[in-house]
Amino acid sequence: MRQAHGLGDLDLSDSYTLAGGQALRIPQVLAELTRRGWEGLTLNQLAGPAPLGALASRLAPNPRTAPAQNPVNSE
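### Re the side chain of N62
Move 1: Considering the arrangement of structural elements, one finds N62 in the segment after β2 (60-61).
Move 2: Given a relative accessible area of 5%, N62 falls into the buried group.

Encoded structure:
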């Protein structure tokens, strides 16, 4: 989300939109998660009121697309 929106640090208790996320960029955020080897979120979940921390806990590694290194820390 930070990369897709050019944001700094995020408060994980905020929802996607409260943290500065734009609904039209949700597909880009989901594509970046997939590129980094993560799956488990939908457009509706990101657009909803759930805190970012709760959304992050729904992510699961996707062995088909996961890079060799840790996808969360790779830049």
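### Re the confidence of the model for the protein
Any region with low pLDDT has predicted coordinates that should not be read closely.
Move 1: Taken over all residues, the pLDDT of the protein has a mean of 84, while the share at 70 or more is 85%.
Move 2: Least confident of the elements in the protein is helix α1 (residues 2-5), whose mean pLDDT is 73; most confident is helix α3 (residues 43-47), at 94.

### Side note on the nonpolar core
Move 1: Y16, V29, L30, L33, L41, L46 and L55 are the most contacted members of the largest nonpolar core, which totals 13 residues.
Move 2: Taken together, the elements giving at least two residues each to this core come down to α2 (26-35) and α4 (52-57).
Move 3: For this core, the leading source of residues is α2, giving four residues.
Move 4: Not counting the four nearest positions on each side in its chain, L46 is found in contact with Y16, I26, V29, L30, L41 and L55.

What counts and how
Residues numbered from 1 in each chain as written. Predicted model: local features only at pLDDT ≥ 70, side-chain atom pairs only at ≥ 80, totals over all residues. Heavy atoms only, no water. Helix = DSSP H or I, 4+ residues; strand = E, 2+ residues; numbered from the N terminus. Buried < 20%, exposed > 50% of the residue type's maximum accessible area, 1.4 Å probe, protein only. pLDDT = per-residue confidence, 0-100. Core = buried A, V, L, I, M, F, W, Y, C linked by side-chain atoms within 4.5 Å. Contact = heavy atoms within 4.5 Å.

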